[in-house]
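Breakdown of the fold
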Amino acid sequence: MATLLKQRERGGWEIRDNVTSPLELVEQYSEKLAYMPYTFFIGDHCHMFPHLMKYEEVVEGLSNPLVTGKAEGRIITPIKDKTLNLFPYDTPPSVGKPTKWRCSIEDNPHSSLDQKPDHVPPADGQESPLHVRPYIMPPTLRSAYGLPENGIIYCNFNQLYKLDPGTLHCWCKILLRVPNSYIWLLKFPAIGESNVQAKAAEYGVLPGRIIFSNVAPKEEHVRRGRVADICLDTPLCNGHTTGMDILWSGTPMITMLGETLASRVAASQLTTLGCPELVATNYRQYEEIAVTLGNNPDELHAMKQKVRLARATSPLFNIAKFASDLQDLYRLIWDRHLVRHDHITDTTKRTLPANRLLCTEPLLRPVDPDDYMRIIQQHSAPSWRPY
């Protein structure tokens, strides 16, 4: 009994990975760290949205429609069916090759999903469209979202509270260096649109270069990400589930390492996906990666191909492997706690090089303590006065 109490006093383990929580940042945690072999983050996209893997013929150019036959423009090579067998469950048989569109965004812009009239989707929108049998995926067009048919479309589908002034300034510099480029954001919340547009104008970005769309149901939210060319992650607070969504759509994502867990999740996802070249350690690198891909169509096309193939070949979306690795880690934690209480780090199988594991510049400027207290006092003063 005394031994068990002594073990309890040692504390527990926090399941993370080497990219999100390197030992150099261990002072942020009160528990010991136990590393997953790859990323600690997981998404069930391979079962929720398998049709986005099945229908891989995407025409780059005019309207970026999803097509079932030949069309003008560059066609991204489809993922072969046999590749899908890497997942524990194959694509459901209900997802057949479509012979025609049952509906289109242009014909019915308020209902881009093909749903039965009496179907009521769950409130959180977390639903695969496979309740329709067979599912016929509507075309995904840039024009449906007010996007220009030609040009480079950068995107970010996070809530706008994650966008800090330094990142917006960096995005504006990218727009100014990449001709005919645009950034696609969400009205999330809607009041943020005017603020972002006004600040971008101060940085020299002309009206029309930043385009806003409404929040969409989950399936459409994931599917429409593929009409963008590049996702620009928010470094201060990354896209977590949003990052998984955009990568499952096959769109490359560029991120920048921070010093907190929330600012390092996207780097962990990209490392697991096998795309560490999309992880920057400072704003200069972040900007250069975005500009290089935006100005070089061949490099951008190759990166899109790499991301689309990696969805099926990397561990990032492999639920069965994640569950098995987690079970193994639980056993290791149990065995380790009987002996000693320390970090479990020898389980790592994929990480960033040591010289690229930490950010090389702070994401936020240091604040003078006196200025900080003055701001706090101004905003915390009560609006009422006691008698």
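Everything quoted here is computed from the prediction, not taken from an experiment.

Conventions used here
Residues numbered from 1 in each chain as written. Predicted model: local features only at pLDDT ≥ 70, side-chain atom pairs only at ≥ 80, totals over all residues. Heavy atoms only, no water. Helix = DSSP H or I, 4+ residues; strand = E, 2+ residues; numbered from the N terminus. Buried < 20%, exposed > 50% of the residue type's maximum accessible area, 1.4 Å probe, protein only. Contact = heavy atoms within 4.5 Å. Areas by Shrake-Rupley, 256 points an atom, 1.4 Å probe, with all protein chains shown as cover. Core = buried A, V, L, I, M, F, W, Y, C linked by side-chain atoms within 4.5 Å. pLDDT = per-residue confidence, 0-100. Disulfide = S-S within 2.5 Å. 1 Å grid on protein atoms, 1.4 Å probe; cavity = no way out; pocket = protein on both sides within 12 Å on 5 of 7 lines; lining within 4 Å. Points joined across faces, edges and corners; volume = space filled by probe spheres on them. Nonpolar A, V, L, I, M, F, W, Y, C, P; charged D, E, K, R; others polar. Pairing = 2+ DSSP bridges. Axes fitted to C-alpha atoms, helices over the stretch in contact; angles between N-to-C directions. Parallel < 35°, antiparallel > 145°, perpendicular 65-115°, else oblique. Left-handed = near helix turned anticlockwise from the far one by under 90°. Patch = residues over 30% accessible without salt bridge, like charges linked within 9 Å, V, L, I, M, F, W, Y side chains within 5 Å. Salt bridge = Lys/Arg side-chain N within 4 Å of Asp/Glu carboxyl O. Right-handed = clockwise from strand over helix to strand, strands pointing away.

1. Looking at the overall build of the protein chain
Tallying secondary structure elements over the protein chain gives twelve helices and ten strands in all. Going through the 387 residues of the protein chain one by one, you find that 50% of them count as buried. Taking all contacts inside the protein chain whose residues are at least 6 apart in sequence as the whole, residues at least 24 apart take part in 75%. Total accessible area on the protein chain is roughly 19000 Å²; 56% of this is exposed by carbon and sulfur atoms.

2. Concerning unusual backbone geometry
Outside of glycine, negative phi angles account for most residues, and trans bonds account for most peptide bonds. The omega torsion of the bond from Phe188 to Pro189 falls at 10 degrees, within 30 degrees of zero and hence cis. Along the chain, Pro189 turns up in the loop between β6 (181-186) and α5 (192-202). A positive phi angle is found at Asn180, which is not glycine, with a value near 55 degrees. Within the secondary structure, Asn180 sits in the loop between α4 (165-177) and β6. The class for Asn180 is partly exposed, based on a relative accessible area of 40%.

3. Description of the environment of Thr234
As for its placement among the helices and strands, Thr234 is situated in the loop between β8 (230-232) and α7 (241-248). Residue class for Thr234 comes out buried when judged on its relative accessible area of 1%. Distance in space between the C-alpha atoms of Thr234 and Asp164 is 8.0 Å, their sequence separation being 70 residues.

4. Observations concerning the nonpolar core
In this structure, Tyr154, Ile174 and Leu232 are the most contacted members of the largest nonpolar core, which totals 83 residues. When residues no more than four places from it in sequence are discounted, the contact partners of Tyr154 are Ile174, Leu175, Val178, Ser181, Tyr182, Ile183, Trp184, Ile230, Leu232, Ala290, Val291 and Gly294.

5. Observations regarding the confidence of the model for the protein chain
Across the protein chain, pLDDT averages 79, with 69% of residues at or above 70. Segment residues 1-8 is flagged for pLDDT under 50; beyond a separation of four residues in sequence, or across chains, it makes two contacts in the model. Scored below 50 in pLDDT, residues 56-135 makes 167 contacts in the model with residues more than four places away or belonging to other chains.

6. Some points on the state of the cysteines
Tallying each qualifying case throughout the model produces zero disulfides. Cysteine Cys231 is unpaired, with the sulfur of Cys155 as its nearest cysteine sulfur at 4.4 Å. Among the residues examined, Cys231 registers a relative accessible area of 6% and is labelled buried.

7. Digging into empty space enclosed by the protein
Rolled over the atoms, a probe with the dimensions of a water molecule shows which regions are left empty. In the structure shown here, the tally under the stated rule is three cavities of 30 Å³ or more. Around the largest cavity, the lining residues are Met36, Pro37, Tyr38, Thr39, Thr272, Pro315, Asn318, Phe322 and Asp325. When grouped by side-chain class, the residues that make up the lining of the largest cavity number five nonpolar, three polar and one charged.

8. So, the environment of Ile246
Along the chain, Ile246 turns up in helix α7. Distance from Ile246 to His221, taken between C-alpha atoms, is 8.9 Å for residues 25 residues apart in sequence. Other than its neighbours up to four places away in sequence, Ile246 contacts Cys155, Phe157, Gly225, Cys231, Thr251 and Met253.

9. Remarks on the sheet that holds β8
Ordered in space as β7-β6-β5-β8-β9-β10, the six strands form an open sheet in which the pairing is parallel. Looking at which strands have only one partner, the edges of the open sheet turn out to be β7 (210-213) and β10 (279-280). Taken together, the two bridges between strand β9 (residues 253-256) and β10 define a ladder with parallel strand orientation. Bridge pairing links Met256 to Ala280 in β10.

10. Quick notes on the packing of α4 against helix α9 (residues 283-295)
The geometry of α4 relative to α9 is characterised by a closest axis approach of 10 Å and an angle of 30 degrees between their N-to-C directions. Classed by the angle they form, the pair α4 and α9 counts as roughly parallel. Considering how the two elements wind past one another, α4 and α9 form a crossing that is right-handed. Residues Gly166, Thr167, Cys170, Trp171, Lys173, Ile174 and Arg177 of α4 form the contact with α9, whose participating residues are Tyr283, Tyr286, Glu287, Glu288, Ala290, Val291 and Asn295. Among the residues forming the contact of α4 with α9, the class breakdown is seven nonpolar, three polar and four charged.

11. Notes on a nonpolar patch on the surface
Taken together, Trp334, Leu338 and Val339 make up a surface patch of nonpolar side chains, about 340 Å² in accessible area. With respect to the element layout, Trp334 can be found in helix α11 (residues 319-337). With a relative accessible area of 52%, Trp334 lands in the exposed category.

12. Here we look at the pairing of β6
When you tally the buried positions in β6, you get six out of six residues, the bulk of the element. Of the two faces of β6, the one carrying Ser181, Ile183 and Leu185 and the one carrying Tyr182, Trp184 and Leu186 are both buried. Strand direction decides the pairing type here: strand β5 (residues 152-155) and β6, joined by four bridges, are parallel. Bridge assignment links Tyr154 to a residue of β6, and that residue is Ile183. The handedness of the β5 to β6 crossover, carried by α4, is right-handed.

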